[in-house]
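# Report on the structure
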Amino acid sequence: MFSLNGSSFLNNSLSGVSKSLTQSTQRKISAPPVVVASVSSNGKPGDRNVSVLMENTLKEMRETATSSSSSAAVEQESKSTVGGGVEDVYGEDSATEHQYITPWTVTVASGYPLLRDPHYNKGLAFTEKERDAHFLRGLLPPVVISQDLQVKKMMHNMRQYQVPLQRYMAMMDLQERNERLFYKLLIDNVEELLPVVYTPTVGEACQKYGSIFRQPQGLFISLKEKGRILEVLKNWPEKKIQVIVVTDGERILGLGDLGCQGMGIPVGKLSLYSALGGIRPSACLPVTIDVGTNNEQLLNDEFYIGLRRRRATGQEYAELLHEFMSAVKQNYGEKVLIQFEDFANHNAFDLLAKYGSTHLVFNDDIQGTASVVLAGLMAALNLVGGTLSEHRFLFLGAGEAGTGIAELIALEMSKQTGVPVEEAREKIWLVDSKGLIVKSRVESLQHFKRPWAHEHEPVRTLLDAVKSIKPTVLIGSSGAGRTFTKEVVEAMASFNEKPVILALSNPTSQSECTAEEAYTWSEGRAIFASGSPFSPVEYNGKFYASGQANNAYIFPGFGLGLIISGAIRVHDDMLLAASEALAEQVSQENLDKGLIYPPFSNIRKISAQIAARVAAKAYELGLATRLPQPENLEAYAESCMYSPNYRHYR
Ligand SMILES: NC(=O)C1=CN([C@@H]2O[C@H](COP(=O)(O)OP(=O)(O)OC[C@H]3O[C@@H](n4cnc5c(N)ncnc54)[C@H](OP(=O)(O)O)[C@@H]3O)[C@@H](O)[C@H]2O)C=CC1
Ligand SMILES: CC(=O)C(=O)O
Ligand SMILES: [Mg+2]
């Protein structure tokens, strides 16, 4: 924990601040948009104590600068000329060797640094008045344009890039250059840009992260930092963190172990938290835990950015994760949301179980995916008829996504019908890489598969499982592309008037089938949605638009709901509430087009509704700490949402 280390630190550091601020305030006293501090390793930039200290000092020095009498600080300055030189400006010389001093740089972000500060930069949108007030004259060409025109220009430029990765890099550059413009662009063009900052392009970006790496985004916590994670957290410039998305890079989308290069995922997910869910960007912290990688290609890649060793496992892994979880709680408190993302299933379930009762944790792949798929199924019932428990479900893939979804469906069935969850599970079947999960395999199954081992003779292939189970709903969550073959889709279409087919695996290359395949092979009868987006498909002169069954519909609003209610734990009923809220947003017009998800263009409104329902559930369950409960949770959620429009600088 940062300590002022007695009064010597305070005195020495303040004398330096005094001088620097006196100079700043002489230059420009009015309204600095930001105070930037560069400090030694004991005083962290942005540390709450330091910030308060500096803000107070800044205020004090403004008064000092306008006062004709000499202040105590100035006296201190003039006295401290002991160690040589004309003046001991920063108190370096008057400090003994045993005292700590702080190499302060206190500046107002005006002029050139203001243009280089992504939080405050507005580029050509700085007004004439702002250009005068903030020393920007000559640093920008004469034209002043609106943020809307900047958006139009950026979109025009983006559309020139033919290669998706170039668009991704352009977006990342923009995020690093002008944060508000980045979010405005993303919010105003969400359907076009989601595939750029998120799946599928983010997958390619992670694969090539080492080569395209320019600026670090987020915190990298590796085994090298063991024993020092709290210290590392304090290096992050923002202190009021509300959401952390953390990965260890072992199961990045359906692309496998990408080690430290998985960082693209927390960065992408958090940009959606802000754009789609309205969480302030400064409250979001992307983290990658680097325990090595088993990806030989990366280990041999000279541009690889992570630890060049094989993955730590067992105690070594658990200890690092535990230190991280403890440090997060110590640094940010009980109510910071920790979203586990793209961990391999042999760690994901255990981490969720271990920290679910002590931290506000949410596994997006297990829980967020479950909630989004359940919502899609609730909407699909309007097209295919029947209740949830009147359908039969078959999954290809029995990992985090597959068993997570299956469990939430069973829970919802149980709530609707009153039958025990164990009985509800009997309507749900899963296939893994070894075939249908059946009772005779139970001993060799991982714990999360065991509840799904039903009485049935062994079945090796998906096609045989489809023929035997005759599901009404087929869900792909295997990460294995093109596994819904023509025969599989045709079989589904042979005994279902409207087969529901969800190809959840990401990115596009891993999708179990394409939209075109689903519609063509089912003769236009499939109700289809996929994890990564597909363009509309023409079949027999009719256009079919498929929806995107992706947890991006859920986690931003879900997280917002937890935050606005001050929830301290995640509960399954909150996932059900989120599913209901999302399903209700599917209009008759959407359904008429065969869509089981609403368009992303309306996502902020949808997120506010999800947030309101999740928050209401948190209050109902006694898990909310923000009291009293706001009367209108939806209006409250909307009022809390970050807006990327530029602010005016005085
Ligand atoms: N659309 C969305 O919102 C989301 C999509 N996903 C996607 O789902 C996929 C899986 O993720 P997740 O569940 O976390 O991964 P896991 O690794 O936890 O699970 C994968 C499962 O698929 C099985 N499997 C793999 N290959 C085959 C194959 N060829 N035939 C049959 N079964 C196979 C595995 O079998 P075994 O156990 O025998 O190894 C395992 O049961 C990924 O592509 C991911 O991107 C994930 C989360 C959200
Ligand atoms: C969408 C997502 O979380 C995944 O594919 O892992
Ligand atoms: Mg994921």
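The shown structure was predicted, so the numbers you read here are calculated from the model rather than taken from an experiment. (Residues numbered from 1 in each chain as written. Chains lettered and ligands numbered in written order. Predicted model: local features only at pLDDT ≥ 70, side-chain atom pairs only at ≥ 80, totals over all residues. Heavy atoms only, no water.)

### Points about the packing of helix α24 (residues 572-584) against helix α26 (residues 603-620)
Taken N-terminus to C-terminus, the directions of α24 and α26 make an angle of 150°; their axes are 8 Å apart at the nearest point. Here α24 is positioned roughly antiparallel relative to α26, judged by the angle of their axes. Judged by the twist between their axes, the crossing of α24 over α26 is right-handed. Here D573, M574, A577, A578, E580, A581, L582 and E584 of α24 lie close against α26, whose contacting residues are I606, Q609, I610, R613, V614, K617 and A618. (Axes fitted to C-alpha atoms, helices over the stretch in contact; angles between N-to-C directions. Helix = DSSP H or I, 4+ residues; strand = E, 2+ residues; numbered from the N terminus. Parallel < 35°, antiparallel > 145°, perpendicular 65-115°, else oblique. Left-handed = near helix turned anticlockwise from the far one by under 90°. Contact = heavy atoms within 4.5 Å.)

### Focus: the site of ligand 1
Around ligand 1 lies a shell of 26 residues, among which R251, N345, A398, S433 and K449 are the nearest. In the model, an oxygen atom of ligand 1 is placed 2.9 Å from a nitrogen or oxygen of the A401 main chain. When ligand 1 sits alone it has 920 Å² of accessible area, and the protein chains cover 83% of it. Elements with a contribution of two residues or more to the shell around ligand 1: α17 (364-384) and α18 (400-417). Class assignment of the residues belonging to the shell around ligand 1 gives a composition of seven nonpolar, 14 polar and five charged. (Near = heavy atom within 4 Å. Polar contact = N/O pair within 3.5 Å; in protein donor to acceptor, adjacent residues only side chain to side chain. Areas by Shrake-Rupley, 256 points an atom, 1.4 Å probe, with all protein chains shown as cover. Nonpolar A, V, L, I, M, F, W, Y, C, P; charged D, E, K, R; others polar.)

### So, the UniProt feature "domain: Malic enzyme N-terminal" (unreviewed entry) in the protein chain
As recorded in UniProt, the feature "domain: Malic enzyme N-terminal" (unreviewed entry) lies at residues 175-356. Secondary structure within residues 175-356 divides into 47% helix and 11% strand; the distance between the first and last C-alpha atoms comes to 33 Å. (UniProt positions renumbered as here; feature names shortened; annotations may be inferred.)

### Considering the environment of R177
Inspection of the secondary structure assignment puts R177 in helix α7 (residues 164-177). Residue R177 is classed as partly exposed on the basis of its relative accessible area, which comes to 40%. A C-alpha to C-alpha distance of 8.9 Å links R177 and G123, two positions 54 residues apart in sequence. R177 has contacts with D117, P118, N121 and M154, leaving out every residue within four places of it along the chain. (Buried < 20%, exposed > 50% of the residue type's maximum accessible area, 1.4 Å probe, protein only.)

### Let's talk about the site of ligand 2
The full set of residues close to ligand 2 is Y198, R251, L253, K269, E341, D342, D364, D365, N506, N550 and N551. Here an oxygen atom of ligand 2 sits 3.0 Å away from a polar atom, N or O, in the side chain of E341. One of the side-chain N or O atoms of D365 is found 3.0 Å from an oxygen atom in ligand 2. Look at ligand 2: alone it shows 210 Å² of surface, and the protein chains cover 91% of it.

### Details of the pattern of salt bridges
Applying the stated criterion to the full structure yields 33 salt bridges. Here R137 ties to D132 by a salt bridge, and the two come within 2.7 Å at their closest N and O atoms. Several salt bridges converge on common partners, so that one network encompasses D248, E250, D257 and R311. (Salt bridge = Lys/Arg side-chain N within 4 Å of Asp/Glu carboxyl O.)

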